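One-letter residues, chain by chain:
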Amino acid sequence: MTNANILSLQVEGMSCASCVGRVEKALNALPGVSNAEVNLATETARVFHDGSVYAVTLIDTLDKAGYPARVAETTIDITEMSCASCVGRVEKALNALPGVIRAEVNLATGRATVRYAEGAVTPSDIAATSTKAGYPATVHASGQTEDSTSARKEEEIVSLRRSVIFAAALALPVFVIEMGGHLFPGFHMWVHHTIGQQTSWVVQWILTTLVLIGPGRMFYTKGIPALLKGAPDMNSLVAVGTLAAYLYSVVATILPDLLPDDVRSVYFESAAVIVVLILVGRWLEARAKGRTGAAIQALLGLQARTATVERDGQAVELALENIRAGDILIVRPGERIAVDGVIVDGDSHVDESMITGEPVPVSKGPGATVTGGTVNGSGGFRLRATRVGGDTTLAQIIRMVEEAQGARLPIQGLVNKITLRFVPVILGVAALTVLAWLILAPAPALTHALVAGVSVLIIACPCAMGLATPTSIMVGTGRAAELGVLFRKGDALQGLGAVDIVALDKTGTVTEGRPELTDLVLSDGFERSEVLALVAAVEGRSEHPIAEAIVRTARAEGVARHELSDFTAMAGYGVRATVAGRDVLIGADRLMAREGIDTGTLAETETALAERGRSALFAAINGRIAAVIGVADPVKPASAAAIAALKAQGLKVAMITGDKRETAEAIAADTGIDLVIAGVLPDGKVAALDTLRKGGGKVAFVGDGINDAPALAHADVGIAIGTGTDVAIESADVVLMSGDLRGVVNAFAVSQATMRNIRQNLFWAFGYNTALVPVAAGVLYPAFGILLSPMLAAGAMALSSVFVLSNALRLRRINPQMDESAPAIAQAQDHNAVVAPAE
């Protein structure tokens, strides 16, 4: 038994020898496992098997046994990938590595995201596997900024530009000598009578050799080994095609007697110019790909590099990575705030437009929270760091954008399956093309066969296929961030396009989420000040927005303050407490019904308030109904227009709320909402989504509160308002930086534009090959005498990739569907020269 047949895993949840026995029994029961050794002290399991067992099988088995394996995720940076076939090769190699659960490679970012079982494999092993497959890789450093990636891309651009210039300088004389005679017949005669044909061929040979072993060397050092391994890629196509033209020409030059007179010719210019054109294409690709990462660069420009920190009584300037939570920072006028924190002392106004999109600076004083990346105004203050490094809001935003840009949409899986087999198929087509010409073509058949075979190899580049989806995702999600829409999960881009119904939470989403007390209608025998004081004492313990409205009114009216005891919150019903010796119960009519309290004539009042759009609550004191309380939560100014815009896109809009139907219907009538599901308890929102799904429709849910988290996770696409809670944001697929529904409209607009762009790219990439490979093979020759030149094939191939990238970059010009101040990156573009403004 070899080490190759041992898988080691880290196992959680074991506490005794019985646990060890259960884990061993579960693992030993698997087909192909010869022995499983579990160690309680090290919490590891070593599984000996026959080579047919994979980590994902072991992980599923351990999960079912109740002892989950530890899994982790790493990112590796990969170089020298040039096409979709390269992506397929790397993914195949990584997924075959024992311990790897899933590997996804992104051509546009040059990165792979790999999920693996801890203990079975390490990030270094994963990088080494990619390197061994022919694509050098390194582990992406934790906390590494995009600056290093940007520098690497810039270095690649400079290197390719240098290669293009050198190759073009060598290839130009070859092209002029050989092709000049076709353009100007007198030129051919001049060459023949001066240096002679043989000498001109030798000169072309020398110059072309320098092109191939110099700038073109990369095609052969990568393409030939890949071909010999039985895993040909785009480099293999170029290598075989150019070498065929080159070697045929060398034979014609130095061993002319081996070829009949009618086919003795040279194609040095084709080999040289093909290399030049493909290098030009790669150079343009590199430049375009550099621009696709503009969003991340702009966000990074918002990060402060240093900050002034109090250490041992001294103010010292420290790099951002050396700041710790709890440090006291000194923020001077005009400085960019380095980390998230709470102001200790001092006052100022802070420009928070990068987060909220609001252009007016916000007043800040002691106790106020500030966000790293925002800009201090004219005042100064000291703050206590609460979130530093990767925990800051800005770092989380950058991470969201990076993850979305590196995501794989479901449509990409099909593309990768096709492209993995594409190059071998093209090699076969090229071989059949040569054979057909040799058998069927008129003289000079060998020449025609060579030209057609080389043209097929060169024109059928899968680069455009591999770039079609990831580049559109990168640019689309970057532009979305500029518009204040963060795709936490890249597949939400595709998911939004399939949505039929948008379900909205009411409080804080459709409405302001800051209700105001509008009515306090009393039963006989109760006084306003007394009831308000008792109710406010109870609601002071609650964090619900309605409770805050009641407490604010009580403070404004200066009512008496009471101590309370025995506070109880009843989810979906209300609250109860003992205040000044009296039992106070506050909640909806269902709570009064449950407690057997008669609401009397106040029931009609409550219905009337609900019909006017008020949220109505009852208050009972010592088991007797005391008052009905009306609270209004104003509708956000943008809600009605945003809902109209969603409906204009063909979407149905629903609202899910815990309010009574009368209240919900009043708000729906004001805002144009189609469907209302009212009276829903917090845990009933998931069931409400299932109700909306009946008939097979896809549902997006928009919410902002803690109680929205299950619904956000359950919806086909969850959209969190950025002003909401961390829990809601973590459960969502899409996060809106601003606090209203205009961001939802823009999210749908970006999704539709990006998916349309991807479809255009895929149509071009596949249509291009479908149409031009037969032309390159010579199907038009019998009828029209048209045979595609290898040089034209190389030019067309290079242009196909450039077209796909250029089309993806058009997404940078997506206009917001609704006029909303662009947060985050728009500010970066104002303050930094890193990113050019959108065209």
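Please read all numbers here as calculations on a predicted model, not as lab measurements.

**Q** Tell me what's going on with the overall build of the chain, and back it up with residues and numbers.
**A** For the chain, the count of helices and strands is 31 helices and 29 strands. A total of 839 residues make up the chain; the buried ones form 52% of that total. Restricting the contact set of the chain to residue pairs at least 6 apart, pairs at least 24 apart contribute 69%. A total of about 35,200 Å² of accessible surface is found on the chain, and carbon and sulfur atoms cover 56% of it.

**Q** Before we move on, could you go through the UniProt feature "transmembrane region" (unreviewed entry) in the chain and cite the residues and values that matter?
**A** In this structure's numbering, the residues bearing the UniProt feature "transmembrane region" (unreviewed entry) are residues 163-181, 201-220, 232-254, 266-284, 418-440, 446-469, 762-781 and 787-809. Segment residues 201-220 splits into 85% helix and 0% strand. End C-alpha atoms: 23 Å apart. Between the C-alpha atoms that bound residues 232-254 there is a distance of 31 Å. The span itself is 91% helix and 0% strand.

**Q** Would you mind going over the sheet that holds strand 19 (residues 516-522) in detail, with residue names and values included?
**A** Backbone hydrogen bonds hold the strands of a sheet together, and the pairing may be parallel or antiparallel. Ordered in space as 19-24-23-22-21-20, the 6 strands form an open sheet in which the pairing is antiparallel. Every interior strand has two partners, whereas the edge strands, strand 19 and strand 20 (564-570), have only one. Adjacent strand axes in the sheet meet at a mean angle of 20°, parallel and antiparallel pairs treated alike. In this structure, strand 19 lies alongside strand 24 (residues 624-632), joined through 6 bridges in antiparallel fashion. Of the residues in strand 24, the one forming a bridge with Val 521 is Val 628. On top of the sheet, helix 19 (residues 528-539) reaches strand 19, strand 20, strand 21 (574-579), strand 22 (582-587), strand 23 (615-621) and strand 24; it is set at about 75° to strand 22, its chief contact. Packed on one face of the sheet, helix 20 (residues 545-557) meets strand 19, strand 23 and strand 24 and runs near 75° to strand 19.

**Q** An account of the pairing of strand 11 (residues 340-346) is needed here, citing residue identities and associated values.
**A** When strand 11 meets strand 16 (residues 381-387), the two strands line up antiparallel, connected through 6 bridges. Each residue of the ladder has a partner; that of Val 342, found in strand 16, is Arg 384. Note: strand 11 against strand 14 (residues 369-370), 2 bridges, orientation antiparallel. What sits directly across from Val 342, in strand 14, is Thr 369.

**Q** Lay out helix 30 (residues 790-809) with the relevant residues and their values.
**A** With 20 residues, helix 30 extends 29 Å from end C-alpha to end C-alpha; this agrees with the ideal 28 Å at 1.5 Å per step. Here helix 30 lies mainly inside the structure; 15 of its 20 residues are buried.

**Q** Before we move on, could you go through the pairing of strand 12 (residues 348-351) and cite the residues and values that matter?
**A** With burial as the criterion, only one face of strand 12 is covered, namely that bearing Ser 348 and Val 350; the residues His 349 and Asp 351 on the opposite face remain uncovered. Strand direction decides the pairing type here: strand 12 and strand 13 (residues 362-364), joined by 3 bridges, are antiparallel. From the neighbouring strand, Val 350 faces strand 13, where its bridge partner is Val 362. By the bridge criterion, 2 bridges tie strand 12 to strand 15 (residues 375-376) in an arrangement that is antiparallel. By the bridge assignment for strand 15, Asp 351 is matched with Val 375.

**Q** Describe the packing of helix 15 (residues 445-459) against helix 28 (residues 742-777), and please don't skip the residues or the numbers.
**A** Running from amino to carboxyl end, helix 15 crosses helix 28 at an angle of 165°, the nearest separation of the two axes being 8 Å. Viewed along their axes, helix 15 and helix 28 adopt a mutual orientation that is roughly antiparallel. Along this stretch, helix 15 crosses helix 28, giving a crossing that reads as right-handed. Facing helix 15, whose interface residues are Ala 452, Ser 455, Val 456 and Ile 459, helix 28 presents Tyr 768, Asn 769, Leu 772, Val 773, Ala 776 and Ala 777. For the contact of helix 15 with helix 28, a count of residues per class yields 8 nonpolar, 2 polar and no charged.

**Q** Describe the packing of aromatic side chains, naming the residues involved and giving the relevant values.
**A** To describe a pair of aromatic rings, one takes the distance between the centres and the angle between the planes. Evaluation of the coordinates by the stated rule reveals 3 aromatic pairs. When the centroid spacing of 4.4 Å and the interplanar angle of 35° are considered together, the rings of Trp 764 and Phe 803 count as tilted. With Trp 764 in helix 28 and Phe 803 in helix 30, this pair connects stretches of sequence that are 39 residues apart. For Trp 764, a relative accessible area of 32% translates into the label partly exposed. According to the relative accessible area criterion, Phe 803 is partly exposed, its value standing at 37%.

**Q** Residues and numbers for the sheet that holds strand 25 (residues 652-656), please.
**A** Read from one edge of the open sheet, 7 strands run 17-29-28-27-18-25-26, paired in mixed fashion. Each of the sheet's edge strands pairs with one partner strand only, and the pair in question is strand 17 (485-487) and strand 26 (675-677). Here the strands of the sheet are splayed against their neighbours by 20° on average, with no regard to which way each runs. Note that strand 28 (residues 717-721) and strand 29 (residues 734-736) share 3 bridges and pair parallel. By the bridge assignment for strand 29, Ala 720 is matched with Val 735. Contacting strand 25 and strand 26, helix 24 (residues 661-671) runs over the sheet at an angle of about 155° to strand 26. Of the strands in this sheet, strand 17, strand 18 (501-505), strand 27 (699-703), strand 28 and strand 29 touch helix 28, which is tilted by about 55° from strand 17.

**Q** Outline the side chain of Asn 807, listing residues and values.
**A** Of note, Asn 807 is situated in helix 30. Residue classification places Asn 807 among the buried residues on the basis of a relative accessible area of 7%. In this view, Asn 807 contacts Asn 757, Gln 760 and Asn 761; residues no more than four positions away in its chain are not counted.

**Q** Account for the nonpolar core, naming residues and giving values.
**A** By size, the foremost hydrophobic cluster in this structure holds 126 residues, and its most contacted members are Ile 719 and Phe 748. Examining the composition of this core, we find that 13 residues originate from one element, helix 28, more than from any other. Here Ile 719 is in contact with Leu 496, Ala 700, Phe 701, Val 702, Gly 703, Leu 712, Ala 732, Val 734, Leu 736, Val 744 and Phe 748, once residues within four sequence places are set aside. In this structure, Leu 517, Leu 534, Val 538 and Ala 626 belong to the second largest nonpolar core, which totals 29 residues.

**Q** Residue-level account of unusual backbone geometry, with values.
**A** Despite not being glycine, Glu 80 shows a phi value in the positive range, around 70°. For Glu 80, the position within the fold is in the loop between strand 4 (71-78) and helix 3 (84-95). Using a relative accessible area of 36% as the deciding quantity, one classes Glu 80 as partly exposed. Positive phi, close to 55°, is recorded for Asn 622, a residue that is not glycine. Note on placement: Asn 622 falls in the loop between strand 23 and strand 24. Relative accessible area serves as the criterion here: at 47%, Asn 622 is assigned to the partly exposed category.

**Q** Outline the packing of helix 9 (residues 234-254) against helix 15, listing residues and values.
**A** Between helix 9 and helix 15, the least distance of the axes is 8 Å, while the angle of their chain directions is 155°. By the criterion of interaxial angle, the relationship of helix 9 to helix 15 is roughly antiparallel. Considering the relative orientation of helix 9 and helix 15, their crossing is left-handed. Packed against helix 9, whose contacting residues are Leu 237, Val 238, Val 240, Gly 241, Ala 244, Ala 245 and Tyr 248, the element helix 15 presents Leu 446, Thr 447, Leu 450, Val 454, Leu 457 and Ile 458 at the interface.

Thresholds, definitions, all that
- Residues numbered from 1 in each chain as written.
- Predicted model: local features only at pLDDT ≥ 70, side-chain atom pairs only at ≥ 80, totals over all residues.
- Heavy atoms only, no water.
- Helix = DSSP H or I, 4+ residues; strand = E, 2+ residues; numbered from the N terminus.
- Buried < 20%, exposed > 50% of the residue type's maximum accessible area, 1.4 Å probe, protein only.
- Contact = heavy atoms within 4.5 Å.
- Areas by Shrake-Rupley, 256 points an atom, 1.4 Å probe, with all protein chains shown as cover.
- UniProt positions renumbered as here; feature names shortened; annotations may be inferred.
- Pairing = 2+ DSSP bridges.
- Axes fitted to C-alpha atoms, helices over the stretch in contact; angles between N-to-C directions.
- Expected span 1.5 Å × (residues − 1).
- Parallel < 35°, antiparallel > 145°, perpendicular 65-115°, else oblique.
- Left-handed = near helix turned anticlockwise from the far one by under 90°.
- Nonpolar A, V, L, I, M, F, W, Y, C, P; charged D, E, K, R; others polar.
- Phe/Tyr/Trp six-rings, centres within 6.5 Å; stacked < 30°, edge-to-face > 60°.
- Core = buried A, V, L, I, M, F, W, Y, C linked by side-chain atoms within 4.5 Å.

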